[in-house]
Amino acid sequence: MKLFIGLDSSTQSLKALVVDADTGKVTASAAVNFSSELPKYGCPNGVLPNRDPLVKHSNPLMWLEALDLVFTKLKDAKVPLDKVIGMSGSGQQHGSVYLNSKFKDILAGLDKAKALADQMAPALSRKTSPIWMDSSTSVECAEISKTIGAKKLQALTGSPAIERFTGPQIRKFWKTEPENYKKTERIHLVSSFLASVLIGDNAPIDYGDGAGMNLLNLGTLLWDLKICEATAPGLIEKLPQVAPSSKLAGRLSPYFTKFGLKDGIPVINWSGDNPNSLIGVGAGEPGTAVISLGTSDTFFAAMSSSRTDPQGYGHVFGNPTGGFMSLICFKNGSLAREKVKDGCGADWDAFEKAFSESNPGNGGNIMLPYFVPETTPLVLKEGAHFSGTPDFCKGRAPAAVMIRAVVESQILSMKLHSKWIGEDFKCIRVTGGASKSRGICQIIADVFQARVEKISVADSAALGAAMRVAQSVVFGRIMDYYAKFAAATETIEPDKSTAATYDKMLAEFAEFEKKR
Ligand code: XUL
């Protein structure tokens, strides 16, 4: 038995998975829901209410209380925490925590008799943490882009200036609270902040999560001095070191022995939830892409070289096993599928049947399914667009045609907007609610002409963190962990006879999208 813990501090909860690296089993888990279990922080769904709908902050002390609570739950459930031989974790990306000069001493002297949140409160130079849902920094994005050059910023950091990314958020803090910015000695990401608390010292930021800040130079893998200066004065001195994800952050602080954990076990650098998920779903090697079909659909994949999306929609983060990964988000995921289903008066069974009642290529009917404003491509005004037969364009084609159209168009959009990654994907792993649909999986296989593997991994970010620490401590091959923890549950082969149809359709789709 080799037990490891993978934690995941996400927007709405903190989860802990205890895994056995020998068997590939999750042996125990616990979770703390911020809304229902820590209501005193007034953060429903993990977000502090704000009059400005663009501002989305959270309370970092709530994350700390959740850390105490999640270990208490594991201890109360009699999980053999003394047998755990390493841990790592995952944080919601981009969120930042602002610490003053007391931070280091408080960390080093954590008192087991007191709660983490109470001890750490005096170390905050900013009481709240902006998180990834915040989009209030358009002005700061424009200012940073102007100083550095928009294209150059994207080429250097892997993304154009993005509102939720940490650099623009830090700039806004400096502009609006210059005194508190001055008192800030360290700025951590959610991931490196929690890793710091675990080790009782400042932990590094890993390349995976660091690349989501608009500050990390992906060429040198160091903080970019010019970009830091364009963001806020003296910023580079306030950032932790940057380091590979697989390296030791430090040894577990004696504080955590109060839960029965062993003092000094290795804590491997934490990373962001998306980089961890890449590992958790067993896709850390180039050639495999992941499509996660949820409220939003995401497409992510390991990259064999660092490239950037010429259109600026896709992001580049560090791949925790080395190199880089891409992440592309399509806002019109399940919601668009549901809109079309409801519009046809169908239920999910009828939705599934639609694929056997219609044909690949759908008679040339194409939809741009922007039921909500879209990020890839950038569409600010919602509204679906149709190209094809007159009936289809009026939304009056048979249900099977309308349903196939939304799914084919979503997958064609993924193929079109992932071309810049420059990989020939042989395998696509699918996850998320809609991945249960055989029809959707077949369309993915046919449009990409790649094998589709269904996986049934829950909590991929926490699992990825657990797999990473297991590999770092036991020195196994990461591939062996993929096989143990994230094996395919079903495989769908592409129908080669559809390749030409979808090639033609992709060109038509690209034209239609351009014309819209
Ligand atoms: C990625 C992003 C989200 C958060 C969610 O850029 O903003 O996926 O990481 O926690």
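Look up a bit, the structure's there.
Residues numbered from 1 in each chain as written. Predicted model: local features only at pLDDT ≥ 70, side-chain atom pairs only at ≥ 80, totals over all residues. Heavy atoms only, no water.

**Structural notes on the packing of aromatic side chains**
Condition: Each Phe, Tyr or Trp ring, with Trp reduced to its six-membered ring, pairs with another whose centre is within 6.5 Å; inter-plane angles below 30 degrees give stacked pairs, above 60 give edge-to-face pairs, and intermediate values give tilted ones. Partly exposed residues are those whose accessible area sits between 20% and 50% of the maximum for their type, while under 20% is buried and over 50% is exposed, using a 1.4 Å probe and protein chains only.
One pass over the structure, following the stated rule, counts 14 aromatic pairs. Centroid distance phenylalanine 173 to tyrosine 181: 6.3 Å. Interplanar angle 75°. Geometry classified as edge-to-face. The buried category is assigned to tyrosine 181, whose relative accessible area is 3%. A centroid spacing of 6.4 Å and a plane angle of 70° characterise the contact between tyrosine 255 and phenylalanine 259, whose relative ring orientation is edge-to-face. The exposure class assigned to tyrosine 255 is buried, which follows from its relative accessible area of 1%. Grouped by ring-pair contacts, the aromatic residues Phe71, Tyr255, Phe256 and Phe259 constitute a single cluster.

**What about the site of the ligand?**
Heads up, the condition is: Put simply, a residue is near a molecule or strand once any heavy atom of it comes within 4 Å of that molecule or strand. Side-chain atoms alone can form a polar contact between residues adjacent in sequence; in general such a contact is a pair of N or O atoms within 3.5 Å, and within protein one must be able to donate a hydrogen while the other accepts it. Values of accessible area rely on a 1.4 Å probe in the Shrake-Rupley scheme; residue burial ignores everything except the protein chains shown. By the convention adopted, Pro, Cys, Tyr, Trp, Phe, Met, Ile, Leu, Val and Ala count as nonpolar, Lys, Arg, Asp and Glu as charged, and the other residues, Gly among them, as polar.
Taken together, Gln92, Gln93, His94, Trp132, Arg164, Asp273, Asn274, Phe317 and Leu327 make up all the residues around the ligand. One of the side-chain nitrogen or oxygen atoms of arginine 164 is found 2.8 Å away from an oxygen atom of the ligand. The contact in question runs from an oxygen atom of the ligand to an N or O atom on the side chain of aspartate 273, over 2.4 Å. For the ligand, whose unbound accessible area comes to 290 Å², protein coverage reaches 86%. Looking at side-chain class alone, the shell around the ligand contains 3 nonpolar, 4 polar and 2 charged residues.

**Looking at helix H6 (residues 150–157)**
Side chains three or four residues apart in an α-helix point the same way, a direct result of the helix having 3.6 residues per turn. Rule in force here: Put simply, DSSP marks the helices as runs of H or I at least four residues long and the strands as runs of E at least two long, and each gets a number from the N terminus on. The directions considered for the arc run from the helix axis to the C-beta atoms. Note on definitions: a residue-residue contact is assigned when non-hydrogen atoms from the two residues lie within 4.5 Å.
Listed in full, the buried residues belonging to H6 are Leu153, Gln154 and Thr157. Seen end-on, H6 carries its buried residues on one side only, within an arc spanning 95°. For H6, exposure combined with an orientation more than 90 degrees from the buried face picks out Lys151 and Ala155. Looking at the buried residues of H6, the elements they touch are helix H5 (138–148), strand E10 (216–217), helix H11 (225–231) and strand E18 (315–318). Of the residues flanking the end of H6, it is glycine 158, one or two places downstream, whose phi is positive at about 95°.

**Quick notes on the nonpolar core**
Here is the rule we go by: In this description, a nonpolar core means a group of buried Ala, Val, Leu, Ile, Met, Phe, Trp, Tyr and Cys residues linked to one another through side-chain atoms lying within 4.5 Å.
Ranked by size, the top nonpolar core spans 110 residues in total, and within it Phe299, Ile428, Ile444 and Phe448 carry the most contacts. The dominant element in this core, judged by the number of residues it contributes, is helix H17 (residues 399–417), at 11 residues. In this structure isoleucine 428 touches Ala289, Ile291, Ile444, Phe448, Ala450, Arg451, Val452 and Glu453, once residues within four positions along its chain are discounted.

**Comments concerning the pairing of strand E23 (residues 451–455)**
Quick note on the threshold: Whether two strands pair depends on DSSP finding at least two bridges between them. Clockwise travel from the first strand over the helix to the second, with the strands pointing away from the viewer, marks a crossover as right-handed.
Of all the 5 residues making up E23, 4 are buried; the element is thus mostly covered by neighbouring parts of the structure. Bridge analysis of strand E22 (residues 427–431) against E23 gives 4 bridges, and the strand direction is parallel. Counterpart to cysteine 427 in the pairing with E23 is arginine 451. The parallel pair E22 and E23 is bridged by helix H18 (residues 438–448), and the resulting crossover is right-handed.

**Quick word on the side chain of glutamate 453**
Tracing the backbone through its elements, the reader meets glutamate 453 in strand E23. Among all residues touching glutamate 453, those that are not within four sequence positions of it are Cys427, Ile428, Arg429, Val430, Ala488, Glu490 and Thr491.

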